Amino acid sequence: MSDTQQLDRPILVELQDDNRPRQQWVLEIDDVTVGRGDESYIAIPRRQISREHIRIFKEGDGYAVEDLDSKNGTWVNGHQLKGKKTLRDGDEIHLALTARLQFFGSGATAPLPFDLPEKIGGRLRLDRDSRRVFIQDTELDPPLSPPQYRLLELLFINSGSVCSREAVVETVWPDAANGDGVSEQAIDALVRRLRDRLAELDPEQQYIVTMRGHGFRLVNPN
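Presented here is an overview of the structure given in this document. (Residues numbered from 1 in each chain as written. Predicted model: local features only at pLDDT ≥ 70, side-chain atom pairs only at ≥ 80, totals over all residues. Heavy atoms only, no water.)

1. Here's the deal with the pairing of strand β2 (residues 11-15)
Item 1. Along β2, five of the five residues are buried, which leaves the element largely enclosed by surrounding structure.
Item 2. Residue alternation in β2 divides its side chains into two sets, Ile 11, Val 13 and Leu 15 and Leu 12 and Glu 14, and both sets are buried.
Item 3. Bridging between β2 and strand β3 (residues 21-26) involves five bridges; their strand directions are antiparallel. Looking across to β3, one finds that Ile 11 is bridged to Val 26.
Item 4. Hairpin geometry of β2 and β3 is characterised by an intervening segment of five residues between the two adjacent antiparallel strands and by a positive phi of about 70° at Asn 19. (Buried < 20%, exposed > 50% of the residue type's maximum accessible area, 1.4 Å probe, protein only. Helix = DSSP H or I, 4+ residues; strand = E, 2+ residues; numbered from the N terminus. Pairing = 2+ DSSP bridges.)

Okay, structure coming up:
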């Protein structure tokens with residue numbers, strides 16, 4: 001975690017026991033929930049975590065965290081959270097003593113997104129070097145189009161959190177990110193085509209979920 005970046009938006013980083021990052025999420029909106037349920041903006045599917053465990057929200061010039069009456073509790077820097085608490089860069093948030101998250105606000109210097117393995121995932125996997133897609137070890141053939149792959153990789157890297165429509169435009173159509181060249185209909189059409197391609201190999205699983213008013217999330221079962 002030696003390389004750093006200046007943040008445009010706050011991030012949460014989940015840490016492993018050896019302090020290496022497991023995954024991280026960009027907080028694209030100013031009021032998010034974290035929990036094990038799909039209704040949470042950031043989903044961490046572990047049974048000790050409540051369906052909606054905590055809320056992180058903008059308050060004044062900074063951010064605060066609030067425990068949502070979770071069953072197994074929340075700790076910030078080792079102290080059990082009661083009510084809400086203002087967050088500072090580098091604060092550690094423990095959910096039910098099973099997930100250790102580190103918060104970095106916008107404008108802070110934080111670890112760069114960590115390198116993912118060559119092949120990552122559960123039932124659906126990516127080989128990022130060759131841009132190949134596998135579902136249960138069967139390769140998707142013919143390959144995805146470049147826009148379809150860029151969208152899938154964005155959702156994959158941010159697996160468990162919601163990617164906003166703005167993030168989709170910036171990733172899939174970077175030349176149009178600062179203009180009005182991409183309509184919501186174009187985004188929805190791309191998502192629909194990608195869903196159709198994934199359904200060729202696994203018609204029973206809905207991998208891409210639309211979170212109304214927020215964006216899209218990848219659901220990738222083990």
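2. A look at the sheet that holds strand β19 (residues 208-211)
Item 1. An order of β18-β20-β19 is seen for the three strands of this open sheet, with the pairing classed as antiparallel. The open sheet is flanked by β18 (163-164) and β19, the only strands paired with a single partner.
Item 2. Where β18 meets strand β20 (residues 215-218), two bridges bridge the pair, whose relative direction is antiparallel. Its bridge partner lying in β20, Cys 163 is registered against Phe 216.
Item 3. Sitting on the sheet, helix α1 (residues 146-157) touches β18, β19 and β20, and the angle it makes with β20 is about 70°.
Item 4. With respect to the sheet, helix α3 (residues 184-199) is in contact with β19 and β20, its orientation differing from that of β19 by roughly 150°. (Contact = heavy atoms within 4.5 Å. Axes fitted to C-alpha atoms, helices over the stretch in contact; angles between N-to-C directions.)

3. Observations regarding the pattern of salt bridges
Item 1. A complete count under the given rule lists twelve salt bridges for this structure.
Item 2. Across the pair Arg 125 and Asp 137 runs a salt bridge, and its minimum N-O distance is 2.9 Å. Here Arg 125, found in strand β15 (residues 124-127), pairs with Asp 137, found in the loop between β16 (132-135) and β17 (138-139); they are twelve residues apart in sequence, far enough to count as distant.
Item 3. For Arg 132, the salt bridge goes to Glu 139, with nearest N and O atoms at 3.0 Å.
Item 4. When salt bridges with common partners are traced through the structure, they connect Asp 31, Arg 55 and Glu 66 into a single cluster. (Salt bridge = Lys/Arg side-chain N within 4 Å of Asp/Glu carboxyl O.)

4. Overview of the environment of Arg 217
Item 1. Summarising the element assignment, Arg 217 is placed in strand β20.
Item 2. With 175 residues separating them along the chain, Arg 217 and Ile 42 place their C-alpha atoms 9.3 Å apart.
Item 3. Of note is the side chain of Arg 217, whose polar atom sits 2.4 Å from the backbone oxygen of Asp 38. (Polar contact = N/O pair within 3.5 Å; in protein donor to acceptor, adjacent residues only side chain to side chain.)

5. What about the packing of helix α2 (residues 165-172) against α3?
Item 1. Orientation of α2 relative to α3, taken along the N-to-C sense of each, is 75°, at an axis distance of 11 Å. Classified by the angle between their axes, α2 and α3 sit roughly perpendicular to one another. Contacts between α2 and α3 involve Arg 165, Val 168, Val 169 and Val 172 from the former and Glu 184, Ile 187, Asp 188 and Leu 190 from the latter.
Item 2. Class assignment for the residues of the contact of α2 with α3 results in five nonpolar, no polar and three charged. (Parallel < 35°, antiparallel > 145°, perpendicular 65-115°, else oblique. Nonpolar A, V, L, I, M, F, W, Y, C, P; charged D, E, K, R; others polar.)

6. Overview of the side chain of His 53
Item 1. Relative to the helices and strands, His 53 is located in the loop between β5 (42-43) and β6 (54-59).
Item 2. By relative accessible area, His 53 is classed as buried at 0%.
Item 3. A polar atom in the side chain of His 53 sits 2.9 Å from the backbone oxygen of Gly 73.
Item 4. Those residues in contact with His 53 that lie beyond four places of it in its chain are Val 34, Gly 35, Glu 66, Asp 67, Leu 68, Ser 70, Gly 73, Thr 74, Leu 95 and Ala 96.

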